[in-house]
Amino acid sequence: MNAISATSFLASKKLTLSDPDWVRYALIVATLAVIGLFLLLPLLTVLIEAFAKGWDAYSASLSHPDALAAMRLTLLVAVVTVPLTTVFGVSAAWAIARFDFRGKSLLITLIDLPFSVSPVIAGLIYVLIFGAQGWLGSWASEHDIKILFAVPGIILATLFVTFPFVARELIPLMQEIGHEEEEAALSLGASGWQTFFKITLPNVKWGLLNGVLLCNARAMGEFGAVSVVSGHIRGLTNTLPLHIEVSYNEYDFVGSFAGASILAALAVVTLVFKTVLEWKQKQEAAKQAVEVH
Amino acid sequence: MKFTTPLKLVLFSLALLSSTTALADRTLLNVSYDPTRELYQDFNNEFIKYWKEKTGEDVKVQQSHGGAGKQTRAVIDGLEADVVTLALSYDIDQIAKKARILPENWQSRLPNNSLPYTSTIVFLVRKDNPKAIKNWDDLAKAGVSVITPNPKTSGGARYNYLAAWAFGEKNYGSKEAAKDFVQKVYKNVPVLDSGARGSTTTFIQRGIGDVLITWENEAFLALKEQGTGGYEIIVPPVSIKAETPVTVVDKVAKKTGNLDLAEAYLHYLYSPVGQRLAAKHFYRPSQPEHADPEDLKRFPKLELFTVNEGFGGWAKAQKDHFDDGGYFDQIYAP
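Since this is a predicted model, take the numbers as computed values, not measurements.

The rules we used
- Residues numbered from 1 in each chain as written.
- Chains lettered and ligands numbered in written order.
- Predicted model: local features only at pLDDT ≥ 70, side-chain atom pairs only at ≥ 80, totals over all residues.
- Heavy atoms only, no water.
- Helix = DSSP H or I, 4+ residues; strand = E, 2+ residues; numbered from the N terminus.
- Buried < 20%, exposed > 50% of the residue type's maximum accessible area, 1.4 Å probe, protein only.
- Contact = heavy atoms within 4.5 Å.
- Buried area = accessible area lost by both parts, 1.4 Å probe.
- Salt bridge = Lys/Arg side-chain N within 4 Å of Asp/Glu carboxyl O.
- Polar contact = N/O pair within 3.5 Å; in protein donor to acceptor, adjacent residues only side chain to side chain.
- Nonpolar A, V, L, I, M, F, W, Y, C, P; charged D, E, K, R; others polar.
- pLDDT = per-residue confidence, 0-100.
- Phe/Tyr/Trp six-rings, centres within 6.5 Å; stacked < 30°, edge-to-face > 60°.
- Lys NZ or Arg CZ within 6 Å of the ring centre and 35° of its normal.
- Core = buried A, V, L, I, M, F, W, Y, C linked by side-chain atoms within 4.5 Å.
- Expected span 1.5 Å × (residues − 1).
- Arc of directions from axis to C-beta.
- Axes fitted to C-alpha atoms, helices over the stretch in contact; angles between N-to-C directions.
- Parallel < 35°, antiparallel > 145°, perpendicular 65-115°, else oblique.
- Left-handed = near helix turned anticlockwise from the far one by under 90°.
- Patch = residues over 30% accessible without salt bridge, like charges linked within 9 Å, V, L, I, M, F, W, Y side chains within 5 Å.
- Areas by Shrake-Rupley, 256 points an atom, 1.4 Å probe, with all protein chains shown as cover.

1. Quick word on the overall build of chain A
- Broken down by element type, chain A carries 14 helices and zero strands.
- The order of helices and strands in chain A, counted from the N terminus, is α-α-α-α-α-α-α-α-α-α-α-α-α-α.
- Judged by the C-alpha coordinates and their principal axes, chain A covers about 95 × 65 × 40 Å.
- Here chain A holds 293 residues, and the buried ones make up 39% of them.
- Of all intrachain contacts in chain A linking residues separated by at least 6 positions in sequence, the fraction that spans at least 24 positions is 71%.

And the structure:
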């Protein structure tokens, strides 16, 4: 094959460096269809069902004492668990990213455990420990300590399922950042706490906030583990997700979907926050890049 | 970073929570099974009024509902029920045996074997009964899709199963024939929900199945909630008497200081008000003379047998049929 025929051959056949248009559009349409079918349509159904009997029925079912109690309990659970998982997550990430010790990989696996265990199991272990027939059950009832089928049990079960969120977010981040800046601060005479608050925390704050956000969403939405330990007492140990199930089972579809709309709104708020966080993070990174040059 | 704000929130929420629990003087917890929600919503209001008039005390009644088996388990595991109002006496026997928080002779303490109301098992079919279901043998026919919950977890499901078994034994003459018959019925079951209400949802909301085997009260409630247009109740000529007992959980009620309240609560179920409400919510009252005659007219007459008559009591029925390796395990392969 001589040189001239080779070039004409190349010219006759267009070089394709990207997929043809129809592939691109087909992929976009398919993605949109899946999102529409599995995300937007159910979300729309929630709203349609919630407002099926009008605004008055909607607000009445949300201001029912049982619904209010469920929301209050859900908030309480989140308010208690999120700070605890945050503290735990930061300490765990600090220990894993900064120190080398035996059994480190085992510890990382253990932190991931709640992700791989079904939430129902998470609930059942507390029944086995604190139930009246469980290990600590008789001790708890003798001392009049209520854990199972009460708020402490619900908080424990939620803690179990949420505690990897912050740690998982921070560990890779802190490993990536490394500890040169912290060593510099320490060698300049900063105390451990000063280094932590002035150097470490600002470095990981976006990851931390992200983890807190996800943890909060899960804490408010958890169903399985909480369902096992709750005892389903209306107005007392029903969280919002449990209240939704109860209302649905009582043919109170407006009440059930009104509750669902609150959780859906929470999801949307979480997404908006997450987007804002990522946007801010990018802006800051860009600013820093400008300052460096 | 401010750490004081979350702390304040925690304290605030804790304060809120404790304040709500301190509002009423005493709170009674009634742990019940699935289909009684509507009955007890009504009854609790009446009881609170009655108690206020009688003693001047403000009380609250809290409800917990779920599949009967699951609720029993929760009480055994420490859910502090002052009273239990469950689907069958075997479940309360289990509480007495395993948790030892009420005496084993509990059933003799209240009138009529601790049964303020009873029910039975009927069929709910789609409009105009397209599969022409009239009796238990129709459920075993090919091409009929049957909805019933899981007898391992649901009290109602155990009644459904035993009613079908008794029909088989009586009409085909032997235990073996009954086993074959029940096996054919369960071959027609596409999904076993864990509780009666779950099965109703499967049948009505998801539109699965030709016939739902269910509590009479649950069938009436479904008609009332869904409008009578789409469904019909079919009453078989013979069915099982569903004995749904109530009792005080002595140890818990003593500990919470609610013993007198719990006893009064259950006695009130036998009062004219309680009996009228039971009939209103489609339960068959033990003293029909107190109920509204219009409500009573809704209950069709049929031949009823009890678990004691048909199976020699719940303990035996449970052991033969529902324990691991029993007849149900032998006939049902998912």
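Now that the structure has been shown, the text picks up again.
2. A short note on the interface of chain B and chain A
- Tallying the contact residues gives 38 residues for chain B and 30 residues for chain A.
- For the pairing of chain B and chain A, the buried interface totals around 2,700 Å² over both sides, and the portion due to carbon and sulfur atoms is 63%.
- On the surface where chain B and chain A come into contact, there are three salt bridges.
- Linking chain B to chain A there are nine residue pairs in polar contact (both at pLDDT 80 or more).
- For the side of chain B that touches chain A, the secondary-structure elements that each account for two or more residues are helix 1 (4-21), helix 2 (37-55), strand 2 (59-64), helix 3 (68-76), helix 4 (89-99), helix 8 (196-204) and helix 9 (216-226) of chain B.
- Sorting elements by how many residues they give to the side of chain B that touches chain A places helix 1 of chain B first, with nine residues.
- A per-class count over the side of chain B that touches chain A returns 15 nonpolar, 13 polar and 10 charged.

3. Let's talk about the confidence of the model for chain B
All names here are of chain B.
- For chain B, mean pLDDT is 90; residues scoring 70 or higher make up 92% of the total.
- Every residue in residues 18-23 scores below 50 in pLDDT, and together they form three contacts with partners more than four places removed in sequence or on other chains.
- The complex model carries a pTM of 0.82, and its ipTM stands at 0.77.

4. Some points on unusual backbone geometry
All names here are of chain A.
- At D144, a position not held by glycine, the phi torsion is positive, near 60°.
- Mapped onto the fold, D144 is located in the loop between helix 7 (137-142) and helix 8 (151-162).
- With relative accessibility at 57%, the residue D144 sits in the exposed group.
- Even without being glycine, F149 reaches a positive phi, approximately 60°.
- Here F149 shows up in the loop between helix 7 and helix 8.
- For F149, a relative accessible area of 7% corresponds to the buried category.

5. Some details on the packing of aromatic side chains
- Inspection of the entire model under this criterion finds 42 aromatic pairs over all chains.
- The interplanar angle of 40° and the centroid separation of 5.7 Å between the aromatic rings of B:F43 and B:Y268 together place this pair among those described as tilted. Note that B:F43 is positioned in helix 2 and B:Y268 in helix 11 (residues 259-270), a separation of 225 residues in sequence.
- In this structure B:Y268 comes out as buried when scored by relative accessible area, which is 9%.
- A ring pair is formed by B:F167 and B:Y172, whose centres lie 6.3 Å apart and whose planes are at 80°; its orientation type is edge-to-face.
- Taking the relative accessible area as the measure of exposure, B:Y172 reaches 42% and is therefore partly exposed.
- The aromatic ring of A:W94 is capped on one face by A:R98, whose charged end is 5.8 Å from the ring centroid.
- The residue whose ring lies beneath B:R126 is B:F203, and the NZ or CZ to ring-centre distance is 4.1 Å.

6. Points about the nonpolar core
- In this structure, B:W136, B:Y161 and B:Y186 are the most contacted members of the largest nonpolar core, which totals 71 residues.
- Beyond its immediate sequence surroundings of up to four residues, B:W136 is in contact with B:I121, B:F123, B:N160, B:A163, B:A164, B:F167, B:F181, B:I213, B:P236, B:V238 and B:S239.
- A:V80, A:I147, B:L86 and B:L102 belong to the second largest nonpolar core, which has 40 residues in total.

7. Section: helix 7 (residues 175-187) of chain B
Residue and element names in this part refer to chain B.
- Here helix 7 contains 13 residues, and its C-alpha end-to-end distance of 18 Å stays within 8% of the 18 Å for a straight helix at 1.5 Å per residue.
- Looking only at helix 7, the buried set comprises A178, K179, F181, V182, V185 and Y186. Viewed along the axis of helix 7, the buried residues span an arc of 165°, placing them on a single side of the element. The outward face of helix 7, more than 90 degrees from its buried face, is lined by the exposed residues E176 and K187.
- For helix 7, the secondary structure elements touched by its buried residues are strand 5 (146-147), helix 6 (155-172) and helix 16 (327-331).

8. Thoughts on the packing of helix 2 of chain B against helix 12 (residues 272-280) of chain B
Residue and element names in this part refer to chain B.
- Two numbers describe how helix 2 lies on helix 12: the axes approach to 10 Å, and their chain directions differ by 160°. Judged by the angle between their axes, helix 2 and helix 12 are roughly antiparallel. The interaxial crossing formed by helix 2 with helix 12 has right-handed handedness. Facing L39, D42, F43 and E46 of helix 2, the residues of helix 12 in contact are V273, G274, L277, A278 and K280.
- Of the residues belonging to the contact of helix 2 with helix 12, the class tally is five nonpolar, one polar and three charged.

9. With respect to a nonpolar patch on the surface
Residue and element names in this part refer to chain A.
- On the surface, a cluster of nonpolar side chains totalling about 580 Å² of accessible area is made up of I35, L39, L40, L43, V268, V272 and V276.
- Broken down by secondary-structure element, the contributors of at least two residues to the nonpolar patch are helix 2 (21-50) and helix 14 (253-292).
- Top contributing element to the nonpolar patch by residue count: helix 2, with four residues.
- Checked against the element boundaries, L43 lands in helix 2.
- Looking at L43, the relative accessible area reads 37%, which means it is partly exposed.

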